[in-house]
Amino acid sequence: MATTALRSAARPRTSLYEWLTTTDHKKIGILYTISSFVFLGIGGLLALGVRAELAQPGLQFLNESTYNQLFTMHASVMIFWVIIPFLAAIGNYVVPLMIGAPDMAFPRINALSFWMVPFSGIVAASGFFLGGAADAGWTAYPPVSSIKYSPGPGMNLWIVAVILVGTSSILGAVNFMVTIFRMRAPGMTLFRMPILTWTVLVTSVLVLMGTPVLTSALVMLFIDRNFGGAFFDPTLGGSAILWQNIFWFYSHPAVYIMVLPAMGVISEILPVFSRKPLFGYKAFVFATAAIGALGFSVWAHHMFTTGSVFLPFFSVMTFFIAVPTGVKFFNWIATMWRGQITFKTPMLFAVGFLSMFLIGGINGVFSAPVPVDYAIHATYWIVAHIHYVLFGGSFLGIMAGIYFYFPKMFGKMLDERLGKMHFWLMYIGLNLTFLPMHVLGLAGMPRRIADYSPTAGWNDLNLAATIGGFTIGLSFIPFFWNVFISLRSGEEAGDDPWEANTLEWATSSPPPPWNFDRLPAITSERPLFDARHGSAGKDHA
Amino acid sequence: MSTGAVATTGHGAGHGKKGLGNPVLGMLLFIVSEIMFFAGLFAAYFNLRTATGIWPPEGNGAFELHSEILFPAIMTTLLVLSSVTCQFAVWRIRRGDRQGMNRALLMTVLLGVIFLIGQAYDYTQLGFGIADGVFGSTFYVLTGFHGAHVLGGVLMLTVCLYRGGLGQFSAQHHDMVEATSIYWHFVDVVWILLFALLYIV
């Protein structure tokens, strides 16, 4: 099914000019990927700075002020400029292909969305060179983020940058939704869409309804800091709790924004490497929608200890939201059950996702009962939880997606041996880093501290976590080497190296501009399986 | 944008043939995000207003906006009128009447500009600023961001007017006018809420 481009470019351009001005969703997807890896490097170095400082008690490398900037910018960069854009990268590249569309609905807005990401990231990071980056934590609670306690320009730059990157997400969400609603190929009904497309759709709804609320909070914080506003300053009649309410109204759904597309990636990979259809397709779709809906009713579980939220409601809702996630786990496990599983690198990362996200889910539910939350609030338990969800969950899902879609993006296979080395180093490293943090949290170690008492009994576990952190850093060496040699001399991938089910594998690797010159008939959610096996496969689908 | 797609895929690839056009659907979804943005500001307003107890806060006579309601009421009328002229522009172009659309768009732009000038004038007349406690902060942030949206709407209408002057719209192809008018109505509705909330209730 190789496809050739029928139209050549109108006039010859340099390839750099072509990349800088492209509106092709595939090139924009690759640009998103590159930008995300650059910011991953920045966010990763910041994290290693934090871990180096915490390796032993006392202040060795940093002072408290720098330390505050490091953990603030680590979290901000990883959330806003790594995980969310990485998922946008995968969505951008794959969704139009999956639904048989020639491009996104608004290709130029798509390019705008992308270019806002690196520019806003530079704005946020420029604080380091202009007298100090943001240092109030990524949650930017007033009064810590007020002009009095965070007087530098970094906080203002951070606010502007997060508004910009949020606007990029909103435009992207509109684009995804119009694309998915309006540009599906004939036969591609909503309930034949690949799960990844569904998760991108639900994520777009969350972005559309959550991100602008964060923008409103940031606007008010900016007014407070720079124009004497009174929104979050109790001494002027404002309310610091108000910030937390508005901030978490976005930032809790943001957790699902960061994990749903990764769940979608996993749901594409597990069936392919288990040689079975996804178990319970519709249950999975409804579970995704349920997570999206419930996601807006649990924000105050971040605020139990403020004493000013209705505890029983938010506690119960937090328990409820574990239910659709549990449904998905049964989907995934039943998909693998009695399948012919092959552990290629994407599958390893996918199974890694399952195991790590399971821990992240369980230690999250631990925080739902109010009394337990009172004990572990703002301790390293929370740090452990968020990293099992966002690193063990989202990021392993992203890496699974990159190994899975790399052959489609570049027409070359990645090396399996290096890929497995990458996986095991990262998997061991991340558990060595974040597992001890549970114990540290239960032992009472608070988050966001640069120093701790040598007699607190936290030395060994902190050292272990630091070693784990550097192991994670090390794991990227085989990955980047793998990308480098595979692009140069990797095995040719062909159209469909994994014998997959969905439309993106029906075109050449890499696909031509406008993606397809013909499409297989779409009569189920696995059109390529049907094309390979004829009607025999229909009984299983 | 992606018109070449149909030719290369030979499928039509699900391009909009029925229902809303892509730009109109895109605008509707974008307005959802705008509603949520204002919802955040409104939530802050309600939260701070109820927490304050007596509203407007005592001690500053300038907070008594009831007493100077005439001018904002006139501005409100003009903005509502501009929504009517904007919708009139849409109805004209749906019938292929380019001249009528251009006239109605021009009226809408003028009314929008008058509203903005009026708001700027009103700001100079108010006896309080953005730094005057929660009342000043909420008032200026709510009306200020509304004004910014009016400005955005005026710019979009101006582009429509410019393109209308070039004769780029027809009864079949005028998605931009439709989308802009939806946005303009949204801005109008937000103002009606703000007027009721800030000046009357």
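Here, every reference points to the structure presented above.
Residues numbered from 1 in each chain as written. Chains lettered and ligands numbered in written order. Predicted model: local features only at pLDDT ≥ 70, side-chain atom pairs only at ≥ 80, totals over all residues. Heavy atoms only, no water.

Q: Lay out the environment of S150(A) in plain terms, naming residues and giving numbers.
A: Residues and elements named next belong to chain A. Considering the arrangement of structural elements, one finds S150 in the loop between α4 (107–125) and α5 (153–182). On the accessibility criterion, S150 (2% relative accessible area) is buried. Note: C-alpha distance between S150 and A134 (16 residues apart in sequence) is 7.8 Å. (Helix = DSSP H or I, 4+ residues; strand = E, 2+ residues; numbered from the N terminus. Buried < 20%, exposed > 50% of the residue type's maximum accessible area, 1.4 Å probe, protein only.)

Q: Kindly report on the interface of chain A and chain B, identifying the contributing residues and their values.
A: Each side of the interface is counted separately: chain A has 44 residues, and chain B has 39 residues. Carbon and sulfur atoms supply 74% of the area that chain A and chain B bury against each other, a total of about 3400 Å² over both sides. For the chain A face of the interface with chain B, the top three residues by lost area are R182(A), F231(A) and W514(A), together amounting to 19%. Our count for the contact surface shared by chain A and chain B stands at zero salt bridges. Seen at the junction of chain A and chain B, the total is three residue pairs in polar contact (both at pLDDT 80 or more). Listed by contribution, the elements that provide at least two residues to the side of chain A that touches chain B are α4, α5, α6 (195–227) and α7 (240–274) of chain A. At ten residues, the largest contribution of residues to the side of chain A that touches chain B is made by α6(A). Looking at the side of chain A that touches chain B, its residues break down into 30 nonpolar, eight polar and six charged. (Contact = heavy atoms within 4.5 Å. Buried area = accessible area lost by both parts, 1.4 Å probe. Salt bridge = Lys/Arg side-chain N within 4 Å of Asp/Glu carboxyl O. Polar contact = N/O pair within 3.5 Å; in protein donor to acceptor, adjacent residues only side chain to side chain. Nonpolar A, V, L, I, M, F, W, Y, C, P; charged D, E, K, R; others polar.)

Q: Any details on the packing of helix α2 (residues 22–52) of chain B against helix α5 (residues 133–165) of chain B? Residues and values, ideally.
A: All names here are of chain B. Their axes nearest at 9 Å, the elements α2 and α5 cross at an angle of 165°. By the angle between their axes, α2 is roughly antiparallel relative to α5. Considering the relative orientation of α2 and α5, their crossing is left-handed. Residue-level inspection shows M27, E34, F37, F38, L41, F42, Y45, L48 and T52 of α2 in contact with α5, the latter providing V134, T138, V141, L142, F145, H146, H149 and M156. (Axes fitted to C-alpha atoms, helices over the stretch in contact; angles between N-to-C directions. Parallel < 35°, antiparallel > 145°, perpendicular 65-115°, else oblique. Left-handed = near helix turned anticlockwise from the far one by under 90°.)

Q: Give me the packing of aromatic side chains: which residues, what numbers.
A: Residue and element names in this part refer to chain A. The full count for this structure, using the stated rule, is 69 aromatic pairs over all chains. Where Y388 meets F434, the ring centres are 6.5 Å apart and the plane angle is 70°; that geometry is what we call edge-to-face. Of this pair, Y388 sits in helix α12 (residues 380–410) while F434 sits in helix α13 (residues 416–442), and the two are 46 residues apart along the sequence. Summarising the burial analysis for this pair, Y388 and F434 share the class buried. Ring centres of Y403 and F479 lie 5.7 Å apart, and the angle between their planes is 65°; on these two criteria the pair is classed as edge-to-face. With Y403 in helix α12 and F479 in helix α14 (residues 459–489), this pair connects stretches of sequence that are 76 residues apart. Here Y403 falls in the buried class, since its relative accessible area comes to 3%. Residue classification places F479 among the buried residues on the basis of a relative accessible area of 2%. (Phe/Tyr/Trp six-rings, centres within 6.5 Å; stacked < 30°, edge-to-face > 60°.)

Q: Can you tell me about the side chain of T318(A), naming the residues and giving the values?
A: Residue and element names in this part refer to chain A. Mapping T318 onto the fold places it in helix α9 (residues 311–336). With relative accessibility at 8%, the residue T318 sits in the buried group. With residues up to four places along the chain from it excluded, the contact list for T318 reads V298, H301 and A368.

Q: Any chance you could break down the nonpolar core for me, citing the residues and the numbers?
A: Ranked by internal contacts, the top residues of the largest apolar core, which has 236 residues, are F80(A), W81(A), W332(A) and F353(A). It is helix α3 (residues 64–98) of chain A that contributes the most residues to this core, 23 residues altogether. (Core = buried A, V, L, I, M, F, W, Y, C linked by side-chain atoms within 4.5 Å.)

Q: Can you explain the pattern of salt bridges? Please cite residues and give values.
A: Residues and elements named next belong to chain A. Inspection of the entire model under this criterion finds nine salt bridges over all chains. As a salt-bridge pair, R275 and E499 come within 3.8 Å of each other at their nearest N and O atoms. One end of the pair, R275, is in the loop between α7 and α8 (281–294); the other, E499, is in the loop between α14 and α15 (527–533), with 224 residues separating them in the sequence. Residue classification places R275 among the partly exposed residues on the basis of a relative accessible area of 36%. K412 is paired through a salt bridge with E492; the nearest N and O atoms lie 3.0 Å apart. Within this pair, whereas K412 is found in the loop between α12 and α13, its partner E492 is found in the loop between α14 and α15, the two being separated by 80 residues in sequence. Taking relative accessible area as the criterion, K412 reaches 17% and is therefore assigned buried. Since its relative accessible area comes to 56%, E492 is described here as exposed. When salt bridges that share partners are traced, they join R275, D496, E499 and R532 into one network.

Interpretation in functional terms is not warranted from these geometric data alone.
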